[in-house]
Amino acid sequence: MPAPAPRPHVMALLFDTDFDRPSGTRIFRHLDGRPFTDEEQALADNATLEEFQAAGVRVHNPEAGAAAAELAKLVHSYALRNHHALVQFMTHEDMPEYDRLCGIVVAGADS
C-alpha cells in the first residue's frame with residue numbers, strides 16, 4: 001500500500017521548523033525561534049516519516065542502522081580475506097589508512 005500523501009498544513013509547519021535542537025528532545029521551534037504551540041507540537045509529533053523526509057529532514061531509521069551494521073560485518077569478512085582485491089580500487093592516499101585500520105581490526109580479533 002502506498003504511503004499517504006504529505007499533508008500540506010504539516011508540510012508548511014515542517015518547512016518552518018528549526019531542527020537544530022538538543023539531542024534527545026522532541027520540543028520544536030519555528031525558524032525564528034518561537035516555540036511551537038501545543039497544537040503545532042501535536043502536529044509535529046504525529047508527522048509521518050514520509051512527511052519529515054519530504055521536508056528534507058534526515059530521520060534516523062533503526063532498521064537501516066541495523067542493516068548498515070550487518071552490511072559492514074559482511075564487507076569486513078570479505079575485506080580481510082580479499083585484501084589484494086580491494087587495494088586495486090584505492091587511491092595511494094587511502095592505502096596507508098586502510099592498512100592501519102586493518103591492523104587494528106586484526107589485532108582486536110586476535111584478543
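Values in this document were obtained by computation on a predicted structure and should not be read as measured data. (Residues numbered from 1 in each chain as written. Predicted model: local features only at pLDDT ≥ 70, side-chain atom pairs only at ≥ 80, totals over all residues. Heavy atoms only, no water.)

(A) Structural detail: the nonpolar core. Ranked by size, the top nonpolar core spans 11 residues in total: Val10, Met11, Leu13, Leu14, Phe28, Phe36, Ala44, Ala47, Phe52, Ala55 and Val57. The greatest single-element share of this core, amounting to 4 residues, is contributed by helix H1 (residues 8-15). With residues near it in sequence (within four places) discarded, alanine 44 still touches Leu13, Arg26, Phe28, Phe36 and Phe52. (Core = buried A, V, L, I, M, F, W, Y, C linked by side-chain atoms within 4.5 Å. Buried < 20%, exposed > 50% of the residue type's maximum accessible area, 1.4 Å probe, protein only. Helix = DSSP H or I, 4+ residues; strand = E, 2+ residues; numbered from the N terminus. Contact = heavy atoms within 4.5 Å.)

(B) Summary view of the packing of H1 against helix H2 (residues 38-45). At their nearest, the axes of H1 and H2 sit 10 Å apart, and the two run at 100 degrees to each other. By the criterion of interaxial angle, the relationship of H1 to H2 is roughly perpendicular. On H2, the residues touching His9, Val10 and Leu13 of H1 are Glu40, Leu43 and Ala44. Among the residues forming the contact of H1 with H2, the class breakdown is 4 nonpolar, 1 polar and 1 charged. (Axes fitted to C-alpha atoms, helices over the stretch in contact; angles between N-to-C directions. Parallel < 35°, antiparallel > 145°, perpendicular 65-115°, else oblique. Nonpolar A, V, L, I, M, F, W, Y, C, P; charged D, E, K, R; others polar.)

(C) Molecular detail of the packing of aromatic side chains. Across all of its chains, the model carries 3 aromatic pairs by this definition. An angle of 80 degrees between the planes, with centres 5.8 Å apart, marks the rings of phenylalanine 19 and phenylalanine 28 as edge-to-face. A residue is classified by how much of its surface remains accessible, and phenylalanine 19, at 26% relative accessible area, is partly exposed. With a relative accessible area of 2%, phenylalanine 28 lands in the buried category. Here a set of aromatic residues connected by ring pairs shows up, and it is made of Phe19, Phe28, Phe36 and Phe52. (Phe/Tyr/Trp six-rings, centres within 6.5 Å; stacked < 30°, edge-to-face > 60°.)

Fair warning: the whole summary comes from geometry, so function is off the table for now.
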